[in-house]
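For reference, the chains in residue letters:
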Amino acid sequence: MKIETLERLWRTHDHDMDRTARAFLVESLMSGIERRRKGQTVFLLCVGAALGTVTLVFGYDALRHDSLDVTREWGSVLMLVAPWVALILMLRAHDRHRRRFADPTASIAQSLQLRLDENRAARHSAVVMFWLMGLFPLVTGVTLWQLVGTDKMTATQAVQGALLFGGALGASTLVQAIRYLWFLRPEGARLERLLAEYAG
């Protein structure tokens, strides 16, 4: 509990306990929401920066050394495009959420509705990630097969790459599944129940 915030609200609301408690609850909810929004924005910016760097390196190498035959190595392009599609979908969901609640009213019901919408946007992003992770083994397999076919990689290197990528993908999928099943979905159910009880 932030004593300074409580003291400020206590004075603002003329030492009225009920009004102070309600204002403190709303302010706490909004502070948490703003903190999560900033965290999500930073996460998306970091993903965008990482993808942008990979894309620039890939494009520079392909153009500078004329090292890409799209007709025989289209798997590499698809492997690069798929994460961009996922990022765009997540950005759109994040933007829709922010526009829907650009200036929320200072009420508990509105704060709960905002939290619920935020949770739904996060679940949408998680589902997008699940689809991407389900697609990637196929895309990776095609890409490695094409690299072996163009003599840019040996069969042994392809197997090693598949094992390394498969391990990383498996760990990422596990983390996303735990986050979705043990945090996002239960939180969404709690928020829906709280909102229904508050409205009723």
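Small disclaimer: the values here were computed from a predicted structure and weren't measured.

Reading guide: rules and limits
Residues numbered from 1 in each chain as written. Predicted model: local features only at pLDDT ≥ 70, side-chain atom pairs only at ≥ 80, totals over all residues. Heavy atoms only, no water. Core = buried A, V, L, I, M, F, W, Y, C linked by side-chain atoms within 4.5 Å. Buried < 20%, exposed > 50% of the residue type's maximum accessible area, 1.4 Å probe, protein only. Helix = DSSP H or I, 4+ residues; strand = E, 2+ residues; numbered from the N terminus. Contact = heavy atoms within 4.5 Å. Expected span 1.5 Å × (residues − 1). Patch = residues over 30% accessible without salt bridge, like charges linked within 9 Å, V, L, I, M, F, W, Y side chains within 5 Å. Areas by Shrake-Rupley, 256 points an atom, 1.4 Å probe, with all protein chains shown as cover. Salt bridge = Lys/Arg side-chain N within 4 Å of Asp/Glu carboxyl O.

K.L.:
Describe the nonpolar core, with residues and values.
P.N.:
Among the nonpolar cores identified, the biggest contains 12 residues, and these are Leu44, Leu51, Ala82, Ala86, Leu87, Met90, Val128, Met129, Leu132, Met133, Phe136 and Leu169. Elements represented by at least two residues in this core include exactly helix H2 (17-64), helix H3 (74-100) and helix H4 (108-149). Of the residues forming this core, the biggest block, five residues, is contributed by H4. Once you skip the residues sitting within four places of it in the chain, Leu169 turns out to touch Met133, Phe136 and Pro137. Core analysis: the next-biggest nonpolar cluster, separate from the first, contains six residues, Val26, Ile108, Leu116 and Leu191 among them.

K.L.:
Run through the side chain of Asn119, naming residues and quoting values.
P.N.:
Along the chain, the position of Asn119 falls in helix H4. Here Asn119 is in contact with Leu184, Glu187, Gly188 and Leu191, once residues within four sequence places are set aside.

K.L.:
Could you give an account of H3, with specific residues and numbers?
P.N.:
The first and last C-alpha atoms of H3 sit 39 Å apart over 27 residues, in line with the 39 Å expected at 1.5 Å per residue. Buried within H3 are the following residues: Gly75, Ser76, Leu80, Ala82, Pro83, Ala86, Leu87, Met90, Ala93, His94 and His97.

K.L.:
So what about a nonpolar patch on the surface? Which residues, and what values?
P.N.:
A surface patch of nonpolar side chains, about 450 Å² in accessible area, is lined by Leu174, Ile178, Leu181 and Trp182. In this fold, Trp182 is placed in helix H5 (residues 155-199). Taking relative accessible area as the criterion, Trp182 reaches 65% and is therefore assigned exposed.

K.L.:
Before we move on, can you summarise the pattern of salt bridges with the specific residues and values?
P.N.:
Under the defined criterion, the tally for this structure stands at six salt bridges. Its salt-bridge partner being Glu118, residue Arg36 comes within 2.9 Å of it at the nearest N-O pair. With a gap of 82 residues between them, Arg36 in helix H2 and Glu118 in helix H4 connect regions that are remote in the sequence. Residue classification places Arg36 among the partly exposed positions, given a relative accessible area of 31%. With a relative accessible area of 13%, Glu118 lands in the buried category. Among the ionic pairs, Glu73 bridges to Lys152, the shortest N-O distance being 3.0 Å. You can see Glu73 sitting in the loop between H2 and H3 and its partner Lys152 sitting in the loop between H4 and H5, a full 79 residues away along the chain. Residue Glu73 is classed as buried on the basis of its relative accessible area of 5%. Lys152 gets classed as partly exposed once you look at its relative accessible area, which sits at 42%. Bridged by salt links that share partners, the residues Arg36, Arg115, Glu118 and Glu187 form one connected network.

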